[in-house]
Amino acid sequence: MSNSHSDTIPLHPSSQSDIDEIENLINASVQSGPATVLPARPPSPPRASIPVSSSPFIQSKIPPPPPQSSSSSNHKVPSVPAAPPPPPPVGNSSSIVATGFGPPSNTLTEPVWDTVKRDLSRIVSNLKLVVFPNPYREDPGKALRDWDLWGPFFFIVFLGLTLSWSASVKKSEVFAVAFALLAAGAIILTLNVLLLGGHIIFFQSLSLLGYCLFPLDIGALICLLKDNVIIKMIVVSVTLAWSSWAAYPFMSSAVNPRRKALALYPVFLMYVSVGFLIIAID
Amino acid sequence: MQNFPPNSGSGRGYQTLEAPAESFEQQPPNNWKGVFNISSYTQYFNVDTDVVINRLISSFHPTAGDFFNKIEANPDLYGLIWITTTLVFMLSCFGNFATYLMQKHTDGTTTWSFDVGYVNVAASGIYGYAIVVPMAFYFLLQYLGSNASLIRFWCMWGYSLSIFVPTAFLLLIPVELLRWIIILITGTASSCFVALNLRSYIEGGNDLTIIVIAAFLLQMALSIFIKVWFFP
């Protein structure tokens, strides 16, 4: 399959690499049995930078080998064994696995439950970093390195739904107002910091503002269950203070110290308005 | 033997007047990098906390008339955006509360109900006013040949709305007469702020007094609208 003969049309470089891939796969499967599957692409690359994949392949064209007696719980999709042998040295060595399994697995053919579990564990770990006291709070960049947008999405929708359930009239309008306020608010707050000359990554900031809604979610749930105004006020004040405390170090370190109040005031305004919505919806 | 033209050595030909390369500018340098680039808008947010507070406090003095001098070099849109947003929130929040208090005052048996439509009306009303009115004045003054600067107009009108934020809080008092007195006082103060600053800024002399009066009346109309719709 070489293109060194002058009487043949030279192959396109990408098809040459595909042919190499197929050769390697055949060789690998012959040598080490069907227990190894060449990874197609590394799973969950770190988000703070552009994902680097040194693998020249995008998709594996060969169907995965039939499932072995290894730990597969999914019947439809052949799964990758939990501890595959070290991968062949063809350009896969730099892929990074956030979950620490070892060599990367093929995320396209893994069971759905594995994907969901990985995303859920990422949400929980991000939540612990952002909302609860931990030693990384002083360095916000380190705290939310593995940001994602699923968590904020769940929290915003949950808050909108809770407020909508609490309302007795105009339920859909309440949901619309809450969702628009939170989603547009997160984007506008991030833009505010950028316009004031601060340095943050756009999606990391959106992610952080979404995670800081978690205390207000709890507050809204409690207010849904208990309808007393005094209790609502106390609960909302406590959760509001908690949310502001969670968001403070990130926002204040992103801008020039002389403009810190200018960057923090809109955050406070958004959380106070959401808190008021929680108290006021009857 | 003299070469002709005399300063051909500098390579400029007959041009004896050396135009300064970039040193004269009729307006400050504009870092416009395109509509979708954030860094082309950061020039309008180049303010510190103390500058913003200073401008806010000066907006509470309706008779000073020197606001445009203050913002001449560095107009900012931060005040416009966040004062209007705060006002929208205050109006919808306190408006609901004040309506409830007023009904309770007169009726005694009403229960609390949160009308989320207040948020929509407040947002469209305040944002619409704060964006459209300065633009209208800008285009009108451009048409009439006077000087006008859109950013400075937006900045000034934005800060003129700041007095309505404590007003919204004061209008919670459920006494009708007191509410009218409060809104008329603050509406007049805000309108005077707008009118006097506008008058000191535009250079058209007495022909453009009608513009100043129109600005005054529009601001008064906004304050009456706030009272009638949100604090009935």
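Cut-off values and rules
- Residues numbered from 1 in each chain as written.
- Chains lettered and ligands numbered in written order.
- Predicted model: local features only at pLDDT ≥ 70, side-chain atom pairs only at ≥ 80, totals over all residues.
- Heavy atoms only, no water.
- Helix = DSSP H or I, 4+ residues; strand = E, 2+ residues; numbered from the N terminus.
- Contact = heavy atoms within 4.5 Å.
- Areas by Shrake-Rupley, 256 points an atom, 1.4 Å probe, with all protein chains shown as cover.
- Core = buried A, V, L, I, M, F, W, Y, C linked by side-chain atoms within 4.5 Å.
- Buried < 20%, exposed > 50% of the residue type's maximum accessible area, 1.4 Å probe, protein only.
- Buried area = accessible area lost by both parts, 1.4 Å probe.
- Salt bridge = Lys/Arg side-chain N within 4 Å of Asp/Glu carboxyl O.
- Polar contact = N/O pair within 3.5 Å; in protein donor to acceptor, adjacent residues only side chain to side chain.
- Nonpolar A, V, L, I, M, F, W, Y, C, P; charged D, E, K, R; others polar.
- Patch = residues over 30% accessible without salt bridge, like charges linked within 9 Å, V, L, I, M, F, W, Y side chains within 5 Å.
- UniProt positions renumbered as here; feature names shortened; annotations may be inferred.

1. Re the overall build of chain A
Next up, step 1: When its secondary structure is counted, chain A shows nine helices and zero strands.
Next up, step 2: Ordered by position from N to C terminus, the α and β elements of chain A give α-α-α-α-α-α-α-α-α.
Next up, step 3: Once local pairs closer than 6 in sequence are excluded, the contacts in chain A between residues at least 24 apart make up 71%.
Next up, step 4: Accessible surface computed for chain A: about 15,200 Å², of which carbon and sulfur atoms make up 69%.

2. Notes on the nonpolar core
Next up, step 1: Tyr 271 and Ile 278 of chain A together with Leu 91, Phe 153, Trp 157 and Phe 231 of chain B are the most contacted members of the largest nonpolar core, which totals 116 residues.
Next up, step 2: When neighbours within four sequence positions are excluded, Leu 91 of chain B is seen to be in contact with Asn 96, Tyr 118, Ala 122, Ile 126, Ala 168, Ile 226, Phe 230 and Phe 231 of chain B.

3. Regarding the environment of Ala 180 of chain A
Next up, step 1: The residue Ala 180 of chain A is located in helix 5 (residues 171-195) in this model.
Next up, step 2: For Ala 180 of chain A and Ile 156 of chain A, which are 24 residues apart along the polypeptide, the C-alpha to C-alpha distance reads 9.6 Å.

4. Here's the deal with the interface of chain B and chain A
Next up, step 1: Listed per partner, the contact involves 23 residues of chain B and 27 residues of chain A.
Next up, step 2: Note on chain B versus chain A: buried area summed over both sides is about 2,200 Å², and carbon and sulfur give 69% of it.
Next up, step 3: On the surface where chain B and chain A come into contact, there are three salt bridges.
Next up, step 4: Put simply, Asp 115 of chain B and Lys 170 of chain A hold a salt bridge, and the shortest N to O gap is 2.9 Å.
Next up, step 5: Inspection of the chain B/chain A interface yields 10 residue pairs in polar contact (both at pLDDT 80 or more).
Next up, step 6: For the side of chain B that touches chain A, the secondary structure elements donating two or more residues are helix 1 (49-58), helix 3 (78-106) and helix 4 (117-143) of chain B.
Next up, step 7: No other element matches the six residues that helix 3 of chain B contributes to the side of chain B that touches chain A.
Next up, step 8: A class-by-class count of the residues in the side of chain B that touches chain A yields 13 nonpolar, eight polar and two charged.

5. Re a nonpolar patch on the surface
Residues and elements named next belong to chain B.
Next up, step 1: Taken together, the side chains of Leu 170, Ile 173, Val 175, Leu 177, Leu 178, Ile 181 and Ile 185 make up a nonpolar region of the molecular surface, amounting to roughly 600 Å² of accessible area.
Next up, step 2: Per element, the largest residue contribution to the nonpolar patch is four residues, and it comes from helix 7 (residues 176-201).
Next up, step 3: With respect to the secondary-structure elements, Leu 177 resides in helix 7.
Next up, step 4: Here Leu 177 falls in the exposed class, since its relative accessible area comes to 61%.

6. Some points on the UniProt feature "transmembrane region" (unreviewed entry) in chain A
Residue and element names in this part refer to chain A.
Next up, step 1: Per the UniProt record, the feature "transmembrane region" (unreviewed entry) sits at residues 149-167, 174-195, 201-222, 229-250 and 262-281.
Next up, step 2: In this annotation, residues 174-195 is assigned 100% helix and 0% strand; the end-to-end C-alpha distance for the span is 30 Å.
Next up, step 3: Structurally, residues 201-222 comprises 86% helix and 0% strand, and the distance from its first C-alpha atom to its last is 33 Å.

7. Regarding the UniProt feature "transmembrane region" (unreviewed entry) in chain B
Residue and element names in this part refer to chain B.
Next up, step 1: Mapped onto this structure's residue numbering, the UniProt feature "transmembrane region" (unreviewed entry) falls at residues 77-98, 118-141, 153-171, 177-196 and 208-230.
Next up, step 2: Taken end to end, residues 77-98 has its terminal C-alpha atoms 31 Å apart, with 95% of it in helix and 0% in strand.
Next up, step 3: Annotation note: span residues 118-141, helix share 100%, strand share 0%, distance between end C-alpha atoms 34 Å.

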